[in-house]
Amino acid sequence: MASAPLPDTVPETMAAMVLTGHGKIDKLVYRQDVPTPRPGPGEVLVQVTATAKNNTDRKAREGLYPTKEKGEVTSFAMGGEATLTFPRIQGADVAGRVVAVGEGVEAGRIGERGLLDFNLYPDARRDINLMPDYYGHGADGGFAEYVAVPSDQFHHVPNPELADAELAAMGMCSYQTAYHMMTSARVGAGERVLVTGASGGVGTALIQLCRIVGAIPYAVSQPEKADALLSLGAEAVIDRGDLATFVERTLAATGGAPIDAVMDLVGGEMTDRFIDTMIGDMKARSTYPRLSIAGASGGNLSEIMWTRIYLYQVQIFGVSHGTREEAEQLVAWIRGGDLKPVLHAAFKLSELHDAERYFVARDSNYLGKIVIVPDSQWNAHGARFALEGNA
Ligand SMILES: NC(=O)c1ccc[n+]([C@@H]2O[C@H](COP(=O)([O-])OP(=O)(O)OC[C@H]3O[C@@H](n4cnc5c(N)ncnc54)[C@H](OP(=O)(O)O)[C@@H]3O)[C@@H](O)[C@H]2O)c1
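Residues numbered from 1 in each chain as written. Predicted model: local features only at pLDDT ≥ 70, side-chain atom pairs only at ≥ 80, totals over all residues. Heavy atoms only, no water.

K.L.:
Please set out the site of the ligand residue by residue, giving values where relevant.
P.N.:
Around the ligand, a shell composed of 27 residues is seen, among which Ser199, Gln222, Lys225, Arg240 and Arg362 lie nearest. Within the side chain of asparagine 55, a nitrogen or oxygen atom sits 3.2 Å from an oxygen atom of the ligand. Here glycine 201 contributes a backbone N or O atom positioned 2.9 Å from an oxygen atom of the ligand. The protein chains hide 88% of the 920 Å² of surface that the ligand would expose on its own. For the shell around the ligand, the secondary structure elements donating two or more residues are helix 1 (55-62), helix 3 (172-184) and helix 4 (201-213). (Near = heavy atom within 4 Å. Polar contact = N/O pair within 3.5 Å; in protein donor to acceptor, adjacent residues only side chain to side chain. Areas by Shrake-Rupley, 256 points an atom, 1.4 Å probe, with all protein chains shown as cover. Helix = DSSP H or I, 4+ residues; strand = E, 2+ residues; numbered from the N terminus.)

K.L.:
Mind laying out helix 7 (residues 270-279), listing which residues take part and the relevant values?
P.N.:
It helps to recall that an α-helix has 3.6 residues per turn; residues three or four apart then point in one direction. Burial analysis of helix 7 places nine of its ten residues in the buried class, which makes it a mostly covered element. When helix 7 is considered as a whole, its buried residues turn out to be Met270, Thr271, Asp272, Phe274, Ile275, Asp276, Thr277, Met278 and Ile279. Packing partners of the buried residues in helix 7 comprise strand 9 (192-195), strand 10 (216-221), helix 6 (246-253), strand 12 (261-264), strand 13 (290-293) and helix 8 (306-311). (Buried < 20%, exposed > 50% of the residue type's maximum accessible area, 1.4 Å probe, protein only. Contact = heavy atoms within 4.5 Å.)

K.L.:
Quick rundown of the pattern of salt bridges? Include the residues and the values.
P.N.:
Tallied over the full model, the rule gives 23 salt bridges. Aspartate 354 is the partner of arginine 357 in a salt bridge, and the nearest nitrogen-oxygen pair spans 2.9 Å. Linking arginine 357 with aspartate 354, this pair stays in helix 10 (residues 352-361), spanning three residues, or about one helical turn. Given a relative accessible area of 48%, arginine 357 falls into the partly exposed group. Exposure remark for aspartate 354: the relative accessible area of 38% places this residue in the partly exposed category. Connected through salt bridges with shared partners, the residues Lys53, Asp57, Arg58, Arg61, Glu62 and Glu356 form a single ionic network. (Salt bridge = Lys/Arg side-chain N within 4 Å of Asp/Glu carboxyl O.)

Okay, here's the thing in structure tokens:
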């Protein structure tokens, strides 16, 4: 079926940051002559006003997703074939406005402001997503002026109190992953949850989502971020610095009660200690210990004794992205004002290299998300969130 023609208001070419291959930052090339995508049947064309950065952009660029073979340089390939091909436009968490619709989509959607559910779902099922892939990896994403996406995954979020950059900062890559970590581990009201990587995109989402479901989040981070994490909803903040005393300090924060479930975004040598916060005294528990794993900011390999897992009945959940149902629940919470953006700074699309360097270096006040705004949208949507001196 043919793609829809572009309306007169949309130029034939656009600016985009194009990923030209696996490698270092120089593989990201800023171009101003990229053909503007046309919305296919069932799609909307979105004029991008803000796109959040995620760790996955860097990992996908560097080919850091080893799956079957340890150390293999690869990208997502859960269906057998690698879906990342080049050139590719990255950028998963897109906010913007509908400027054109494809066949079968109501023209009334033009002008709608919304947020993209970033998944390339393998099928229409609403409660399961067996092969996570996403816009910005298996298809072009939002580091561009326009992107074409399925109309049912571009969710209307009118809320005038939320700037577009703030809406992008609540994108699904972080929030849906966080929520799916919790639903997989069946986190319930009153449970004590250890939120690792707490100052990051997923961690700040986890803290808020724990409070929404009535759970009690204990944040693992660095002392200089403690005040911000406590204001976001953390019950206490545990310094991730001294591993030898980590368990003792965590149990001091809970008043001696075990952690019910760990949300592990860190991995490496910390995971074994995270397990210790749950299994020290099984008499003190009324549920199975649960470990939800969705990231590896501290290392991709962990050494764990299987006896500690099976004798203590630790339930382990591997988590990537989430389901359509979960995305829709999150959008409902965003519309209802239950979730708050944690936006650290905005950068211009043409300055994505600077944003990447800043993202990796992370200064001591860094909390939450970095958002990328197309240069043509900067004055309207980016400048007020720029780092000091960058406006
Ligand atoms: N499975 C999925 O679908 C999915 C989706 C999104 C993200 N992820 C993964 O989840 C992880 C977190 O993502 P994010 O977007 O939240 O990242 P982020 O915004 O970059 O945050 C990373 C967090 O990890 C902490 N951290 C960094 N290095 C660490 C270390 N060596 N030891 C302990 N903590 C460390 C940082 O804490 P401090 O502030 O204390 O330094 C920060 O809070 C990443 O590994 C990412 O690739 C997976």
